[in-house]
Amino acid sequence: TDWYTYSEDEPQHSYYFQYSPEWGALFPYHSGYGVNTGLTDHHFTYGYYVFASAVLASYDQSFLKDYGEMVEVLIRDYANPSKTDGQFPWMRNFDPYEGHSWAGGYADNPSGNNQEAAGEALFGWVGQYMWGMVTGNTAYRDAGIWGFTTEEKAIEQYWFNYDHDNCAQGYKHAVAGQVY
């Protein structure tokens, strides 16, 4: 819960999120792996918070009441189902054309945008779905279902070559660890 609250008198090395209107994004005060500097991995990182929060909220109504708004801000950052939200974009990390999420926030990798942890992306959708179920929010529930089922099919094809027709001739591996 420390991450979900902030007060002016917190120590310098506290844990909290802050909103950037310039980026239309939420950033953790302390982070690594480009979460703050490149908008990377928001769906991985925030998905874990949302999943854990959904589990807690299913057993503790006071948690839901006290922290529910903040959990929904996290969802809106990485998998916002609204196209009219003035603070966050629609589905920040998800690429409907490719059918899966991208880890790189603004694709600054010399090889192009990438997604290395497809299973973690699925977990972010599960968290959103669970939060929608716990709160009765059908927009979050339905977006979680759509994102999970769409991304799962893309993972089958791009990471596991399920139909054996997606890899280049001579590719000798059974799976792809990272897709660019």
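We now turn to the structure provided with this report. Predicted model only: the values in this text are computed from it and were never measured.

Turning to the pairing of strand β2 (residues 25-28), a few remarks are in order. Side chains Ala25 and Phe27 of β2 all project onto a buried face; the interleaved residues Leu26 and Pro28 project onto the opposite face, where all are buried too. Bridge count for strand β1 (residues 17-20) against β2 is four bridges, and the pairing is antiparallel. Looking across to β2, one finds that glutamine 18 is bridged to phenylalanine 27. Between β1 and β2, which pair antiparallel in sequence order, lie four residues; one of them, glycine 24, sits at a positive phi of approximately 60°.

Now for empty space enclosed by the protein. Overall, the coordinates contain one cavity of 30 Å³ or more when judged by the stated rule. Along its surface, the largest cavity is lined by His43, Tyr78, Ala79, Asn93, Phe94, Ser101, Ala121, Gly124 and Trp125.

Our next topic: the packing of aromatic side chains. Applying the stated criterion across every chain yields a total of 17 aromatic pairs. Between tyrosine 4 and tyrosine 49, the aromatic rings sit 6.3 Å apart at their centres with planes inclined by 45°, giving tilted as the arrangement. With tyrosine 4 in the segment before β1 and tyrosine 49 in helix α1 (residues 42-59), this residue pair connects regions lying 45 residues apart in the sequence. On the basis of relative accessibility, which here comes to 10%, the residue tyrosine 4 falls in the buried class. For tyrosine 49, a relative accessible area of 22% puts it in the partly exposed group. For the pair phenylalanine 63 and tyrosine 67, a centre-to-centre distance of 5.2 Å together with 40° between the ring planes defines the contact as tilted. With phenylalanine 63 and tyrosine 67 both in helix α2 (residues 61-79), this residue pair falls four residues apart, about one helical turn. Here phenylalanine 63 falls in the buried class, since its relative accessible area comes to 7%. Counting every residue linked through ring pairs, the aromatic cluster contains Trp3, Tyr4, Tyr15, Phe17, Tyr46, Tyr49, Phe63 and Tyr67.

On to the pattern of salt bridges. Considering all chains together, one arrives at six salt bridges under this definition. Salt-bridge contacts for aspartate 66 lead to lysine 65; the nearest nitrogen and oxygen are separated by 3.2 Å. Residue class for aspartate 66 comes out partly exposed when judged on its relative accessible area of 47%. Overall, the relative accessible area of 67% leaves lysine 65 in the exposed class. In this structure, lysine 153 engages glutamate 156 in a salt bridge whose closest nitrogen and oxygen atoms are separated by 3.7 Å. Of this pair, lysine 153 and glutamate 156 both sit in helix α4 (residues 138-158), three residues apart, which is roughly one turn of the helix.

Cut-offs applied
Residues numbered from 1 in each chain as written. Predicted model: local features only at pLDDT ≥ 70, side-chain atom pairs only at ≥ 80, totals over all residues. Heavy atoms only, no water. Buried < 20%, exposed > 50% of the residue type's maximum accessible area, 1.4 Å probe, protein only. Helix = DSSP H or I, 4+ residues; strand = E, 2+ residues; numbered from the N terminus. Pairing = 2+ DSSP bridges. 1 Å grid on protein atoms, 1.4 Å probe; cavity = no way out; pocket = protein on both sides within 12 Å on 5 of 7 lines; lining within 4 Å. Points joined across faces, edges and corners; volume = space filled by probe spheres on them. Phe/Tyr/Trp six-rings, centres within 6.5 Å; stacked < 30°, edge-to-face > 60°. Salt bridge = Lys/Arg side-chain N within 4 Å of Asp/Glu carboxyl O.

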